[in-house]
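Working through the structure, step by step
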Amino acid sequence: MSNGRTISTRTESEVVTASLLKDFLALIKIGIVNSNMITTFTGLFLAIQFTGGHFLHKLDLLVYALGGSGLIIAGSAALNNLIDRDIDPIMTRTNSRPTVTGRFKAPAVLALALTFIVVGEILLFSASLAAGLWGLAGIFSYVVLYSMWSKRKHVSNTVVGSISGAIPPLIGWAAVEPALGAGAWALFFIMFVWQPPHFYALAMRRTEEYRAANIPMLPVVKGFKRTKKSMLGWVLLLFPIPFLLPQLGIGFLVLATALNIGWLYLAVKGFTVKDDLKWATGMFVYSLNYMTILFVAMIIFSIFI
């Protein structure tokens with residue numbers, strides 16, 4: 001009997017631990033952290049390649065840049081959850097966040113977030129002054145400009161939020177080349193322009209939830225037709241940006257253009273589809289694949305230049 005109780009207690013403990021871990025990962029928005037780690041690494045790697053450095057000689061910068069970026073993004077995401085805990089219960093996508101369920105209390109979230117941000121900034125400043133400053137810019141743009149100011153007040157909130165999402169590759173690049181090169185700004189503009197059509201697709205799928213939460217997302221304020229036009233415009237803006245990276249060679253430019261053509265085809269198709277939500281889902285999935293393929297391709301092509 002005692003053995004049975006021990007097994008039962010151990011199982012309950014494992015369930016509690018797994019649940020706590022799940023809540024913690026939701027609190028720091030681990031998906032956003034992981035995706036931004038890819039762009040941070042790409043910025044750092046390209047900077048090393050373009051400046052004639054050796055990757056193995058820069059492993060300390062890799063640790064500082066990735067560790068620091070991961071921590072400040074996680075801390076900023078936790079602050080975002082803290083700020084939005086009054087509206088998150090309204091939306092199905094967010095109503096199970098630990099700041100809503102009460103699994104993580106506000107004081108604990110604030111302490112955790114600030115600790116992550118402080119430690120993350122220490123790591124970034126250890127890489128370079130520029131990396132630390134760009135980290136602060138990313139925190140300010142996400143927490144203050146987006147979460148505290150534009151998200152609930154302006155239909156341009158997605159564009160404002162795109163600033164913070166485009167900064168991670170600059171952090172990675174600045175860790176190696178503080179002055180930043182043209183390639184760093186190319187990565188910034190790719191990320192900045194990519195985000196509106198990506199998030200507008202998500203917003204279309206969650207329009208009624210955003211409406212209920214009184215968040216002025218573009219589909220809520222202007223409707224689907226206007227949103228589709230905006231998405232088309234942003235996709236078109238992506239076409240010239242890869243040509244700011246001629247160092248990656250013609251193969252990369254062909255691949256990037258092909259990806260842009262594919263996204264443009266989907267965007268144009270949106271004006272004739274009967275099921276807007278199904279189309280928006282397709283646009284959202286394509287945007288995820290687009291970014292993953294493009295940034296991995298940058299790393300691969302940079303190795304062979």
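Residues numbered from 1 in each chain as written. Predicted model: local features only at pLDDT ≥ 70, side-chain atom pairs only at ≥ 80, totals over all residues. Heavy atoms only, no water.

With that out of the way, let us pick up the overall build of the protein. Along its length, the protein carries 14 helices and 0 strands. Taken from N to C terminus, the helices and strands of the protein fall in the order α-α-α-α-α-α-α-α-α-α-α-α-α-α. Here the C-alpha atoms of the protein give a radius of gyration of 21 Å, agreeing with the 19 Å that 2.2 N^0.38 yields for 305 residues. Over its C-alpha atoms, taken along the principal directions, the protein stretches across nearly 70 × 55 × 40 Å. In the protein, which comprises 305 residues, the proportion classed as buried is 48%. Sequence-distant contacts in the protein: of pairs separated by 6 or more residues, those separated by 24 or more amount to 74%. (Helix = DSSP H or I, 4+ residues; strand = E, 2+ residues; numbered from the N terminus. Rg over C-alpha atoms; globule rule 2.2 N^0.38 Å. Buried < 20%, exposed > 50% of the residue type's maximum accessible area, 1.4 Å probe, protein only. Contact = heavy atoms within 4.5 Å.)

The first and last C-alpha atoms of helix H9 (residues 182-205) sit 36 Å apart over 24 residues, in line with the 34 Å expected at 1.5 Å per residue. Of all 24 residues that make up H9, 19 are buried, and the element is covered over most of its length. (Expected span 1.5 Å × (residues − 1).)

A contiguous patch of positive charge, built from Lys222, Lys225, Arg226 and Lys229, is present on the exposed surface. With 3 residues, helix H12 (residues 224-238) is the single largest residue contributor to the positive patch. Tracing the chain through its elements places Lys229 in helix H12. Classification of Lys229 as partly exposed rests on a relative accessible area of 47%. (Patch = residues over 30% accessible without salt bridge, like charges linked within 9 Å, V, L, I, M, F, W, Y side chains within 5 Å. Areas by Shrake-Rupley, 256 points an atom, 1.4 Å probe, with all protein chains shown as cover. Salt bridge = Lys/Arg side-chain N within 4 Å of Asp/Glu carboxyl O. Lys, Arg positive; Asp, Glu negative; His and termini not counted. Charge placed at Lys NZ, Arg CZ, Asp CG, Glu CD.)

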